[in-house]
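The primary structure of each chain is shown beneath.
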Amino acid sequence: MNSVAPQAVDRRTAELSANLDALLARIDAACAAAGRDPGSVRLLPVTKFFPASDVEILYRIGRREFGESREQEATGKVVELAGLRDIQWHMIGRLQRNKARHVARWAHTVHSVDSERLATALDAAATAALDAGERTEPVRILLQVSLDNDPDRGGVSPENIGPLADRVAAAPGLRLAGLMAIPPLGAESDSSFARLATLHTLLLADHPDAKELSAGMSGDLESAIEHGSTVVRVGTALMGARPITSA
Ligand SMILES: *Cc1c(COP(=O)(O)O)cnc(C)c1O
């Protein structure tokens, strides 16, 4: 952490450790309330808008998975932190097809696949990256589901999950791993996550390995865990407030 003063690193380490402990306790409590094994839900720290030095601190206190939502910012951090072994980067934000080539170099998992065109682009990019030795495993793919049928906010509509899942499952560069959703603005999280759980059950009937359910953020992770989330994507409750932004 060359550019950050040691005292600042110590301060931030204490802050992130305290936030992390509180968050893990919150996840455990939610699992207990839902009658679920605490080991059945993972925390994915979302580090968007925070510097690579924060990722490095979280790495040193034991985290290995990190979520990013903007391709350019993520690619920069991936390059900067290339020396940290065994990091798994998750792309959780909307992805344009022309960025697939970059993302396929570093993404362990992409949470935001919502069209066959994007799946096709990622498959081609992942296959090229595998051939070039830039990665050793297919890209794990979660299908982002739209729970409000608003195409502007991203996500595949529920009736198109089946065909998209089949397309991803057949792609040699990709591995279908499950579903992801963000509750619609203003919607009640309980009913949104209940609906997502039903769609996940339907998917599992045809794709029994697609067990991941990426649901829950800082404000609604208890509800998501009650409805079967296997990974919660948490930014604010761990990192602190992000700068004001539209992303
Ligand atoms: C930023 C972001 C999160 C984290 O949200 P918080 O409310 O800060 O926990 C989760 N998922 C996605 C897709 C995000 O873009």
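Residues numbered from 1 in each chain as written. Predicted model: local features only at pLDDT ≥ 70, side-chain atom pairs only at ≥ 80, totals over all residues. Heavy atoms only, no water.

## A closer look at the UniProt feature "domain: Alanine racemase N-terminal" (unreviewed entry) in the protein chain
Okay, step 1: With numbering matched to this structure, UniProt assigns "domain: Alanine racemase N-terminal" (unreviewed entry) to residues 19–243.
Okay, step 2: Secondary structure over residues 19–243 splits into 42% helix and 17% strand, and the C-alpha atoms at its two ends are 18 Å apart. (UniProt positions renumbered as here; feature names shortened; annotations may be inferred. Helix = DSSP H or I, 4+ residues; strand = E, 2+ residues; numbered from the N terminus.)

## Some thoughts on the pattern of salt bridges
Opposite charge on two side chains permits them to pair, given that their charged atoms come into close proximity.
Okay, step 1: In the structure shown here, the tally under the stated rule is 13 salt bridges.
Okay, step 2: Arginine 12 is paired through a salt bridge with aspartate 54; the nearest N and O atoms lie 2.8 Å apart. Of this pair, arginine 12 sits in helix H1 (residues 6–33) while aspartate 54 sits in helix H2 (residues 52–60), placing them 42 residues apart in sequence. One exposure class covers both arginine 12 and aspartate 54, and it is buried.
Okay, step 3: The partner of glutamate 73 in a salt bridge is arginine 70, with the nearest N and O atoms 2.6 Å apart. (Salt bridge = Lys/Arg side-chain N within 4 Å of Asp/Glu carboxyl O. Buried < 20%, exposed > 50% of the residue type's maximum accessible area, 1.4 Å probe, protein only.)

## Looking at the pairing of strand S3 (residues 88–91)
Okay, step 1: For strand S2 (residues 65–68) and S3, the ladder comprises four bridges, and the chain directions are parallel. Its bridge partner lying in S3, glutamate 65 is registered against glutamine 88.
Okay, step 2: Viewed along the sheet, the connection from S2 through helix H3 (residues 71–80) into S3 turns out right-handed.
Okay, step 3: Where S3 lies against strand S4 (residues 107–113), three bridges are found, and the strand directions are parallel. Directly across from methionine 91, in S4, lies its bridge partner valine 110.
Okay, step 4: In this fold, S3 hands off to helix H4 (residues 100–106), which returns the chain to S4; that crossover is right-handed. (Pairing = 2+ DSSP bridges. Right-handed = clockwise from strand over helix to strand, strands pointing away.)

## Some remarks on H2
Okay, step 1: The element H2 is largely enclosed, with a buried count of eight among its nine residues.
Okay, step 2: What H2 keeps buried is the set Ala52, Ser53, Asp54, Val55, Glu56, Ile57, Leu58 and Tyr59.
Okay, step 3: Against the buried residues of H2 lie H1, strand S1 (42–45), S2, H3, S3 and helix H9 (236–239).
Okay, step 4: Just downstream of H2, glycine 62 is the residue with a positive phi angle, here 105°. (Contact = heavy atoms within 4.5 Å.)

## Some words on the packing of helix H5 (residues 116–131) against helix H6 (residues 161–169)
Okay, step 1: Between H5 and H6, the shortest axis-to-axis distance is 10 Å and the interhelical angle comes to 10°. In terms of orientation, H5 and H6 fall into the roughly parallel class. Mapping the contact onto sequence places Glu116, Ala119, Thr120 and Asp123 in H5 and Pro163, Leu164, Arg167 and Val168 in H6.
Okay, step 2: Partitioned by chemical class, the residues of the contact of H5 with H6 number four nonpolar, one polar and three charged. (Axes fitted to C-alpha atoms, helices over the stretch in contact; angles between N-to-C directions. Parallel < 35°, antiparallel > 145°, perpendicular 65-115°, else oblique. Nonpolar A, V, L, I, M, F, W, Y, C, P; charged D, E, K, R; others polar.)

## Section: the UniProt feature "modified residue: N6-(pyridoxal phosphate)lysine" (unreviewed entry) in the protein chain
Okay, step 1: Sites flagged by UniProt as "modified residue: N6-(pyridoxal phosphate)lysine" (unreviewed entry) map to Lys48.
Okay, step 2: Structurally, lysine 48 is set in the loop between S1 and H2.

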